[in-house]
2 protein chains.
Amino acid sequence: MAIATDTGTEARAPLNRERVLRAAVDLADREGIGSLSMRKIGQELGVEAMSLYNHVANKEEILDGIVDLVVSEIDPPLEGVHWKVAIRHRILAAREMLVRHPWASAVIVTRVNITPTMMGYMETTCGILRGGGFSVDLTHHAIHVFGSRIFGFVQELYDDSEALAESPEIARMMLEQMSTHYPYLTEVATQISHDGPLVGVGCDTQFEFEFGLDLILDGFERMLAAQSPA
Amino acid sequence: MAIATDTGTEARAPLNRERVLRAAVDLADREGIGSLSMRKIGQELGVEAMSLYNHVANKEEILDGIVDLVVSEIDPPLEGVHWKVAIRHRILAAREMLVRHPWASAVIVTRVNITPTMMGYMETTCGILRGGGFSVDLTHHAIHVFGSRIFGFVQELYDDSEALAESPEIARMMLEQMSTHYPYLTEVATQISHDGPLVGVGCDTQFEFEFGLDLILDGFERMLAAQSPA
DNA sequence: TGCGCTGGACGTACAATGTAAGTGTACGGC
DNA sequence: GCCGTACACTTACATTGTACGTCCAGCGCA
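Only a predicted model underlies this, so the values are computations on that prediction, with no experimental measurement involved.

Novice: Teacher, can you tell me more about the overall build of chain A here?
Specialist: The helix and strand inventory of chain A stands at 11 helices and zero strands. Put simply, chain A runs from its N terminus to its C terminus through helices and strands in the order α-α-α-α-α-α-α-α-α-α-α. Sorting the 230 residues of chain A into buried and exposed places 28% on the buried side. Look at the contacts in chain A between residues 6 or more apart in sequence, and 64% of them connect residues 24 or more apart.

Written as structure tokens, this is what we have:
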């Protein structure tokens, strides 16, 4: 049976992480995230399920990867316009991506590690706000409100507070690295603590929730007053 | 082997839908929604997995059921207070439930059929707004904004437009039944269409999204102006 | 040319999942 | 006593992620 099996026929394109992730996105788009299995992805690529493990560690990494892929599809920000225009454009662009990939929200909310591309998205969003005159605090609140409007939540940047507390020198290195790649994000992340710059301290999610809620309620109150001027 | 197996020992409490759902909620609270399996629920009740199927149709029905259970835990609305106070209380109460049951949001967003209790929650929320002077349209927009703030989305009330279109007499009956149980909700659901009362027509989710977005952006703009009066 | 190492595809196997289908039994009404 | 109904149990199957071992092509090097 092994006579000149494939020689002469076009050799299939070599597998790699990129192709695996693209196949996964295509499959999720076509058949829904529920039927995204290793075997199906393999089938999509003409390969056995186990071959995928030479390029990704496990299924979680595939989910991380496809989130990263689709987030990178979001249109780049507008330059040199008023912050309100830029933010509106940016959020609607994110929404377009989510409509294009209906499974994405569900996967995003299950991620525990925030992906680099998502960090980039948040970074430029922070940049727009700071450039528009937002204080660091207000930028932080805004990120929460926008994030929960778009994705239904805001991921904690760092959940490993105790790990960082155990090795402060590593924490310091990470902080420096982060501040060169994501200066605005770092600024926001380190100033959210009311008593000094800290990393990994987490923020008061209850406060952020109520902040957004009151913003909305005030908005409706004003609309109501405008509509029926007693 | 079958000699007086259980006679004499206390007979275990009879299984029923209620007990199954409660066990499922307890398990999800303790071990997370990921490890909520039919076998584990059975184990929790001292029963085999397949026995559960005498009381629930399948796992989806269990998920529907536990959502219904936890939504019914939400504190009842405040009576006789300003709409803003009532709505604030109501939304924070919903959030408390979601914090108590961290798995709930994830399950809620996957439900396709809205449960009766959730309908009830929305109904009283509509009632508060209408009583506070909100127009039907504004109530509709508000439901979307609040819904997406709390649960991360708003479920379509009816997704079976074509089924209803095929049998208008059934649609009429359902509409009547609904309007007796959920008058405010019916009012909102039937008036959202710009050309006459229709059921199952769905609403313009893009418009609703932008409505909420602009509400938020306007809020921040005002805050910014207040903070730095140029 | 021959040899061995290594990357990567494959095959097998296992545990966990939801659930279809069939079996057994206790009990209440005749 | 008999029988139907309700309900728990048993077995079985397809599907999932993935651990582990095999096998082969291609490459560096003698």
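Anyway, onward from the coordinates.
Novice: Sorry, what's going on with the interface of chain A and chain B here?
Specialist: How big an interface is tends to be expressed through the accessible area that disappears when the partners come together. Taken together, the contact between chain A and chain B spans 31 residues of the former and 31 residues of the latter. At the level of elements, α4 (83-100), α5 (104-110), α7 (136-150) and α11 (205-227) of chain A are the ones that each hand at least two residues to the side of chain A that touches chain B. Of the residues forming the side of chain A that touches chain B, the biggest block, 13 residues, is contributed by α11(A). Per-class residue counts for the side of chain A that touches chain B are 17 nonpolar, eight polar and six charged.

Novice: I would appreciate a short explanation of the packing of helix α1 (residues 17-31) of chain B against helix α3 (residues 59-71) of chain B in the present structure.
Specialist: Working note: a packed helix pair is described by the angle between its axes plus the distance between those axes. Residue and element names in this part refer to chain B. Relative orientation of the contacting elements α1 and α3 amounts to 80°, with a least axis distance of 9 Å. Between α1 and α3, the angle falls in the class roughly perpendicular. Mapping the contact onto sequence places Val-20, Leu-21, Ala-24, Val-25 and Ala-28 in α1 and Ile-62, Gly-65, Ile-66, Leu-69 and Val-70 in α3. The residue makeup of the contact of α1 with α3, split by class, is nine nonpolar, one polar and no charged.

Novice: So what exactly am I meant to see when it comes to the relation of the copies chain A and chain B here?
Specialist: In this structure, two copies of a chain are linked by a rotation about an axis accompanied by a shift along it. Rotating chain A by 180° and moving it 0.0 Å along the rotation axis overlays it on chain B with an RMSD of 0.0 Å. The relationship between the two copies is best expressed as a two-fold rotation axis. The position closest to the rotation axis in chain A is occupied by the C-alpha of A:Gly152, lying 2.3 Å away. Here 100% of the contact residues of chain A are again contact residues in chain B; the copies associate through an equivalent surface.

Novice: I would appreciate a short explanation of the protein's contact with DNA strand D in the present structure.
Specialist: The environment of DNA strand D is made up of 16 residues, and the closest members are A:Ser37, A:Asn58, A:Lys59, B:Leu15 and B:Met50. In terms of residues, the surface near DNA strand D owes the most to one element, helix α2 (residues 38-44) of chain A, which gives three residues. The class makeup of the residues in the surface near DNA strand D is seven nonpolar, five polar and four charged.

Novice: Quick question: what am I supposed to make of the protein's contact with DNA strand C here?
Specialist: As a structural note, the neighbourhood of DNA strand C is formed by 17 residues, with A:Leu15, A:Met50, B:Ser37, B:Asn58 and B:Lys59 the closest of them. Tallying contributions element by element places helix α2 (residues 38-45) of chain B first for the surface near DNA strand C, with three residues. Tallied by class, residues from the surface near DNA strand C come to eight nonpolar, five polar and four charged.

Novice: What is the right way to look at α11(A) in this model?
Specialist: Since one α-helical turn is 3.6 residues long, residues separated by three or four positions face the same way. For α11(A), which comprises 23 residues, the first-to-last C-alpha distance of 33 Å matches the rise-based estimate of 33 Å (1.5 Å per residue) to within 8%. Taken together, the buried positions of α11(A) are occupied by A:Gly212, A:Leu215, A:Ile216, A:Leu217, A:Gly219, A:Phe220 and A:Leu224. On its buried face, α11(A) is in contact with α7 of chain A together with α4 (83-100), α7 (136-150) and α11 (205-227) of chain B.

Novice: Mind showing me how you'd approach helix α10 (residues 183-191) of chain B here?
Specialist: Within the span of α10(B), buried status applies to B:Tyr184, B:Leu185, B:Thr186, B:Val188 and B:Ala189. Each element contacted by the buried residues of α10(B) is listed here: α6 (116-131), α7 and α9 (168-181) of chain B.

Novice: Is there a simple way to explain the packing of α7(B) against α10(B) in this structure?
Specialist: Residue and element names in this part refer to chain B. At a minimum axis separation of 9 Å, α7 and α10 run at an interaxial angle of 95°. Considered as vectors, α7 and α10 are oriented roughly perpendicular to each other. Of the residues in α10, those in contact with Val-136, Thr-139, His-140 and Ile-143 of α7 are Glu-187, Val-188 and Gln-191. Taken together, the residues of the contact of α7 with α10 break down into three nonpolar, three polar and one charged.

Novice: It is not clear to me how the environment of B:His89 should be interpreted in this structure. Could you clarify?
Specialist: Mapping B:His89 onto the fold places it in helix α4. Taking the C-alpha atoms as reference points, B:His89 and B:Leu78, 11 residues apart in sequence, are found 7.4 Å from one another.

Novice: Please explain the confidence of the model for chain A as it appears in this structure.
Specialist: Low-pLDDT portions of the prediction should not be read for the details of their coordinates. Residue and element names in this part refer to chain A. Looking at chain A, pLDDT values average 85 and 83% of them are 70 or higher. The element-level mean pLDDT for chain A is lowest in helix α8 (residues 161-166), coming to 59, with α4 highest at 96. Contacts of residues 1-11 to residues separated by more than four positions or lying in other chains number one contact, the stretch itself having pLDDT below 50.

Scoring rules and cut-offs
- Residues numbered from 1 in each chain as written.
- Chains lettered and ligands numbered in written order.
- Predicted model: local features only at pLDDT ≥ 70, side-chain atom pairs only at ≥ 80, totals over all residues.
- Helix = DSSP H or I, 4+ residues; strand = E, 2+ residues; numbered from the N terminus.
- Buried ≥ 20, exposed ≤ 12 C-beta atoms within 10 Å, placed from the backbone.
- Contact = placed C-beta atoms within 7 Å.
- Nonpolar A, V, L, I, M, F, W, Y, C, P; charged D, E, K, R; others polar.
- Axes fitted to C-alpha atoms, helices over the stretch in contact; angles between N-to-C directions.
- Parallel < 35°, antiparallel > 145°, perpendicular 65-115°, else oblique.
- Least-squares fit on C-alpha atoms with pLDDT ≥ 70 in both.
- Near = placed C-beta within 6 Å.
- Expected span 1.5 Å × (residues − 1).
- pLDDT = per-residue confidence, 0-100.

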